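# Per-entry structural report
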Amino acid sequence: MSVETGQASRGSANEVARVVETLARDFGERAKTGDAVRTQHARGEGLPDPALPDVVVYPHDNDEVAGIVRLCHAARVPVIAFGVGTSLEGHVAALHGGVCVDLSEMNRVLEINADDLDCRVQAGVTREQLNAELKGTGLFFPIDPGANATLGGMASTRASGTNAVRYGTMRENVLGLTVVTADGRIVHTGGRARKSSAGYDLTRLFVGAEGTLGVITEIQLRLYGVPEAISAAVCQFPDLKAAVGAVIVAMQMGIPLARIELLDALQMEACIRYSKLDGYEAKPTLLFEFHGSEAGVKEQAEAMERIAADHAGSAFQWATQAEDRSRLWKARHNAYYAALALSPGRQAFSTDACVPISRLADCLLETRAELDREGAIATIVGHVGDGNFHVLLLFDPASKAERAKAEAIAQSVSLRAIGMGGTCTGEHGVGIHKLGALVAEHGEAVDLMRAIKRALDPLDIMNPGKTVPR
Amino acid sequence: MLDTAVHAELAAILPAASLLTAVEDVKPYECDGLTVYRALPAAVVLPETEAQVVAILKTCHAAKVPVVARGAGTSLSGGALPDPNGIVLSLARFKRILAVDALARTAVVQPGVRNLAISEAVAPLGLYYAPDPSSQIACSIGGNVAENAGGVHCLKYGLTVHNVLRVRGVLITGEVVEFGGDAPDSAGYDLLALSIGSEGLLAVITEVTVRLLPKPQVAQVALAAFDAVETAGAAVGAIIAAGIIPAGLEMMDQPATRAVEEFVHADYPLDAAAVLLVETDGTTDEVAAEMAEIRQVLTAAGATSIRVSRDEAQRLLFWSGRKAAFPAVGRISPDYYCMDGTIPRKALPRVLQAIAQWSVEYGLACANVFHAGDGNLHPLILFDANKPGEIERTIAFGDRILELCIEVGGTVTGEHGVGVEKLSPMCRQFGAAELTRFHAIKEAFDELRLLNPGKAVPTLHRCAELGRMHVHHGELRFPDLPRF
């Protein structure tokens, strides 16, 4: 399979200029070419390497998106879909210029089917907005990657987050999609039926495709009943090995934890300082959340506490009040900023890996040892019930050597996870930073990914340069 | 007839006993569970190693010979129907469980392993494999992956796509590929999901890593009676809307319960217009709490009686009727035609009412036995093929049901797959834009269209009427096998 053949040439500067002109005519104020706006759309939240699009457009419906893509298709100009730019792997950088399609004005919840536990939203709706609109229905959308990302972005990167251990990732929670394909056609995949054997699974193909096969414009999502009872607890361990041991036993016993988060000693120290958490020590820590009936939650929590005690864990500190819980999870979600505060002036980026739960202890201990050996300022946090963890690496942006070292460590974490039967990304996606790791992970199957990319986007205009290496 | 050169190449790859070409030897492979379609293949190959599969596919690719992979042959949509110019590649000899990892809760199995054999093998570890199509005693895991099989418990525990971590397979070019991985997620395009439910059109599966679950401590089932089918349908919605996701939620109407009762004596209330089976599982406390809630919702929804299984024996008795429903209906009618549409649950009362009305209009009885919690309908239209005009009326009736499924936002096949049976309804469910994408994906994997040709995705210019599942007297293969 030749990789280079079939790569179409891109539209010339003139053609790009004509596209920008046409968009300005058709969209007026909603097509922006100012430097400030283009700079805002030049990168996500990962490593700071901006690449500016030529224009940013704010469509309002499927037909407008299809019109933009048709225009770009005819002129062979790149199309980059943009949610709120919280991606961590460089997904939104306009590596080859082109049109940034900002979906933030497609932000309507189109339908809520309370009886069927599903809803349909436009791609620019954020998860917090959706949950706000669900208030009063007794339902919620659980997937929580931390950032208040758009649901389109979450679908495109196959996001998961802290409670995937109970509710799955976007893969399990997207029922259907409306997608504008590379030639500007509108297709509908999946639907409201809970299961279907009709045709290939296009829904899951577009989920996680990072905008490289089409622009997701609408999403049918699964919803869940708000649990009758929720409680959260904190437990601290003498060392990382003991904490991970408790996680593995809990998963093996099938305790239906809603969240189980690990913070290593350095991260806990950072959180205590940054979020002013009282009564905790700078030790490896597990945060638990239990969902269910009153009886179920009590039962789960007791079982978990016994397992923790067997692994030299401290007594549970409870957070049964909603405010206490939200303070706790806020501290967890602010882990990134807390880590940054460990060394003012430095920047941070987060790498993402996921291993089979049976290898989690090996992978985390080896990774921590490497970080210490290399003298890196780095913390480990993880949605460990899934075997998914992140390393937050700090580096001095003025020092090329420091950044290179941090990137080398990130690469090494990816390869270690892959070597243990895992993956270089549990939830952040491939973007531009993990193209090499993708090949290490999938070998021959990457040829098939290239073939699919060519089949669905022969001109290579959909978010070019991402997800699948050329 | 197989080309002599191809035959010679296959004979060099396989021992004589593993290459069948005589009519009497290939005859057993002429159809699967959809017996109305039959075709004799040019040859049947029974490889035992992945290297043999690779060599066979390379040979067929070079000679442009179609290849139809076959598991246990229990498909209900003609997924394993042979191509008269091609070979059937049977995975029947790939029946080893290669590894079980109790800590990671996974098992690596060959595609010919029976679905139930996995659960039996890991039972001593307190684990099981969740998807449970009713034919689980016979159907193979490779076939389950190819069809994205579901089952009674998939409402809570998901379909095959939710319970498989990794698939290893061989492309038509002979290239060995792996999709997914041992971790819960995998980078890049979701080739794993693409391969699951692809009906043997993209790759021949040689190895599957399945996810295992800890067996729930206890399970209990409620048998609720209703005096109208629509009320029972509405009760299904009420249970889900109350935030309860039962382990199983099945419905049977009166024609079905009466047929079953005569056959297996499952102790069903025969005066009820419909019954629901609602199962809950988990720890003792959870089950007690959830069953109390279920009772409340069922009562409020108008159940005329509710009986909760008092022990494991009674639980199995209540389920025995559901599991035997299809063979039971087969006993009371010379022929039946089984549908497989899936709809949003909320539309259940409307669709059930329409089916009842059409049953009168077409003068054909219809028994409903189905996965109500998923909204997956299996109306069984009863008819007699020997009565003139009944087949035509049955097909017209069935078509209207599928059309209504699409109209209310559903799909023409919930779990049986498209195969050759549903090619025509696929044209109604999908437009040209979607079908073009399906074909593009097929081409990316198999440019010459040699793997299972003519199945699953209709060609654009040939969205033609192609036929139906039609079970006539003894023609249903394995007639006693529980189905659906």
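Only a predicted model underlies this, so the values are computations on that prediction, with no experimental measurement involved. Residue numbers restart at each chain and count upward from 1, following the sequence in its written direction. In the order they appear in the text, chains get letters beginning with A and ligands get numbers beginning with 1. Local features in this predicted model are restricted to residues whose pLDDT is 70 or higher, and side-chain atom pairs enter the listing and the counts only when it is 80 or higher, whereas totals over whole chains, interfaces and linings include all residues.

Time to look at the overall build of chain A. Counting secondary structure elements, chain A contains 17 helices and 18 strands. Restricting the calculation to C-alpha atoms gives the radius of gyration, and the globule rule supplies 2.2 Å times the number of residues raised to the power 0.38. For a compact globule of 470 residues, the expected C-alpha radius of gyration is about 23 Å, and chain A comes in at 22 Å, within 12% of that figure. Here the C-alpha coordinates of chain A stretch approximately 65 × 55 × 40 Å along the principal axes. Counting other C-beta atoms within 10 Å of a residue's own tells you its class, since 20 or more makes it buried, 12 or fewer makes it exposed, and anything in between is partly exposed; those C-beta atoms are placed from the backbone. Out of the 470 residues in chain A, the part that is buried amounts to 60%. Counted over contacts in chain A with a minimum sequence separation of 6, partners at least 24 positions apart contribute 72%. Numbered from the N terminus, helices here are DSSP runs of H or I no shorter than four residues, and strands are runs of E no shorter than two. C-beta atoms are placed from the backbone for every residue, and two residues are taken to be in contact when these atoms lie within 7 Å.

Along chain B, the regular secondary structure elements total 17 helices and 19 strands. The globule rule puts the C-alpha radius of gyration for 484 residues at 23 Å, and the 22 Å found for chain B is close to it. Projected onto the principal axes, the alpha-carbon positions of chain B cover approximately 70 × 60 × 45 Å. Per-residue burial over chain B gives 58% buried out of 484 residues.

Residues and elements named next belong to chain A. Where each domain starts and ends comes from a domain assignment, either automatic or drawn from a database. Taken as a whole, chain A is organised into domain 1 (107-225), domain 2 (229-336) and domain 3 (337-430). Centre-to-centre separation of domain 1 and domain 2, based on C-alpha positions: 29 Å. Contact residues are listed per partner, giving five residues for domain 1 and eight residues for domain 2.

Okay, the sheet that holds strand β9 (residues 176-180) of chain B next. Residue and element names in this part refer to chain B. With antiparallel pairing, five strands are arranged side by side in an open sheet as β5-β6-β10-β8-β9. Pairing within the sheet leaves two strands with one partner each, and these edge strands are β5 (97-101) and β9. Recorded for the sheet is a direction-independent mean angle of 15° between the axes of neighbouring strands. Paired strands, in this sense, are two strands between which DSSP finds at least two bridges. Judged from the four bridges that link them, β5 and strand β6 (residues 106-109) form a sheet pairing that is antiparallel. Comment: axis = line fitted to C-alpha atoms, over the contacting stretch for helices; angle = value between 0 and 180 degrees taken between N-to-C directions.

This part is about the environment of T49(B). Residues and elements named next belong to chain B. Residue placement: T49 occurs in the loop between β2 (43-45) and α3 (50-63). Accessibility expressed as a C-beta count within 10 Å gives 12 for T49, which makes it exposed. Put simply, T49 and G181 are 132 residues apart on the chain and 22 Å apart in space, counted from C-alpha to C-alpha.

The subject of this paragraph is the pairing of β6(B). Residue and element names in this part refer to chain B. Between β5 and β6, which pair antiparallel in sequence order, lie four residues; one of them, R105, sits at a positive phi of approximately 55°. In terms of strand pairing, β6 meets strand β10 (residues 204-211) through four bridges, oriented antiparallel. Residue pairing for β10: T106 is matched across the bridge by R211.

The next thing to look at is the interface of chain A and chain B. In this assembly, 69 residues from chain A lie in contact with 71 residues from chain B. Those elements giving two or more residues to the side of chain A that touches chain B turn out to be α7 (170-173), β9 (186-190), α8 (202-206), α9 (240-252), α11 (294-310), α16 (435-442) and α17 (445-456) of chain A. Element by element, the count of residues in the side of chain A that touches chain B is highest for α17(A), at seven residues. We call Asp, Glu, Lys and Arg charged. Ala, Val, Leu, Ile, Met, Phe, Trp, Tyr, Cys and Pro are nonpolar, and the rest, Gly among them, are polar. Grouping the amino acids of the side of chain A that touches chain B by side-chain chemistry returns 29 nonpolar, 24 polar and 16 charged.

This brings us to the sheet that holds strand β10 (residues 214-222) of chain A. Residue and element names in this part refer to chain A. As summarised here, the arrangement of the five strands in space is β5-β6-β10-β8-β9, forming an open sheet in which the pairing is antiparallel. Edge strands, defined here as strands with exactly one partner in the open sheet, are β5 (109-113) and β9. If you compare each strand with its neighbour and ignore which way they point, the axes differ by 15° on average. Pairing analysis gives five bridges linking strand β6 (residues 118-122) to β10, with the strands arranged antiparallel. Along β10, the bridge assignment pairs R120 with Q220.

This brings us to the nonpolar core. Any set of buried Ala, Val, Leu, Ile, Met, Phe, Trp, Tyr and Cys residues joined through C-beta atoms within 7 Å is what this text calls a nonpolar core. Ranked by size, the top nonpolar core spans 300 residues in total, and within it V99(A), V101(A), V247(A) and L276(B) carry the most contacts. Here this core gets eight residues from one element, more than from any other, and that element is α9(A). If we ignore the near neighbours within four places in the chain, the residues touching V99(A) are V19(A), L23(A), P53(A), D54(A), V55(A), V57(A), I68(A), C72(A), V77(A), P78(A) and V79(A).

In this section: the domain arrangement of chain B. Under the domain assignment, chain B is made up of domain 1 (4-90), domain 2 (97-215) and domain 3 (218-421 + 467-484). Relative placement of domain 1 of chain B and domain 3 of chain B: their C-alpha centres are 36 Å apart.

An α-helical turn contains 3.6 residues, so any two residues separated by three or four positions project in the same direction. Relative to the 24 Å expected for 17 residues at 1.5 Å per residue, helix α11 (residues 284-300) of chain B spans 24 Å between its end C-alpha atoms, a close match to the ideal helical length. When α11(B) is considered as a whole, its buried residues turn out to be E286(B), V287(B), A289(B), E290(B), M291(B), I294(B) and L298(B). Next to the buried residues of α11(B) lie α11 of chain A together with β12 (218-226), α9 (229-241), β14 (274-282) and β15 (305-308) of chain B. Positioned one or two residues after α11(B), G302(B) has a phi angle of 100°, which is positive. In this scheme, a helix's expected span is set at 1.5 Å multiplied by one less than its residue total.

This next bit is on the confidence of the model for chain A. For every residue, the predictor assigns a confidence score, pLDDT, that lies between 0 and 100. Per-residue pLDDT for chain A has a mean of 92; in total, 98% of the residues score no lower than 70. Across residues 1-6 of chain A, confidence stays below pLDDT 50; counting only partners more than four residues off in sequence or on other chains, it has six contacts.

For the rest of this paragraph, the subject is the pairing of strand β18 (residues 379-383) of chain B. All names here are of chain B. Most of β18 sits out of view: five of its five residues are buried. The pairing of strand β16 (residues 335-338) with β18 spans four bridges and is classified as antiparallel. Among the inter-strand pairings, C338 is bridged to a residue of β18, identified as L380. Sheet topology note: the strand β17 (residues 366-370)/β18 ladder contains three bridges and is antiparallel. Note that in β18 the partner of N368 across the bridge is P379.

All names here are of chain A. At R76, a position not held by glycine, the phi torsion is positive, near 55°. Here R76 is to be found in the loop between α3 (62-75) and β3 (79-82). Of note in the backbone geometry, R158 takes a positive phi value of approximately 50° without being a glycine. Mapped onto the elements of the fold, R158 is located in the loop between α5 (151-156) and α6 (164-167).

Attention now moves to the environment of E29(A). All names here are of chain A. Structurally, the position occupied by E29 is in the loop between α1 (13-27) and β1 (31-32). You can call E29 exposed: it has 7 C-beta atoms within 10 Å. Sequence spacing of E29 and E269 is 240 residues, and the spatial spacing of their C-alpha atoms is 48 Å.

Close contact between α17(A) and helix α17 (residues 432-445) of chain B brings their axes to 9 Å; oriented N to C, the two are set at 145°. For the pair α17(A) and α17(B), the crossing hand works out as right-handed. Residues L448(A), A451(A), I452(A), A455(A) and L456(A) of α17(A) form the contact with α17(B), whose own contacting residues are R437(B), A440(B), I441(B), E443(B), A444(B) and F445(B). Put simply, a crossing is left-handed when the front helix is turned counterclockwise from the back one by less than a right angle, and right-handed when it is turned clockwise.

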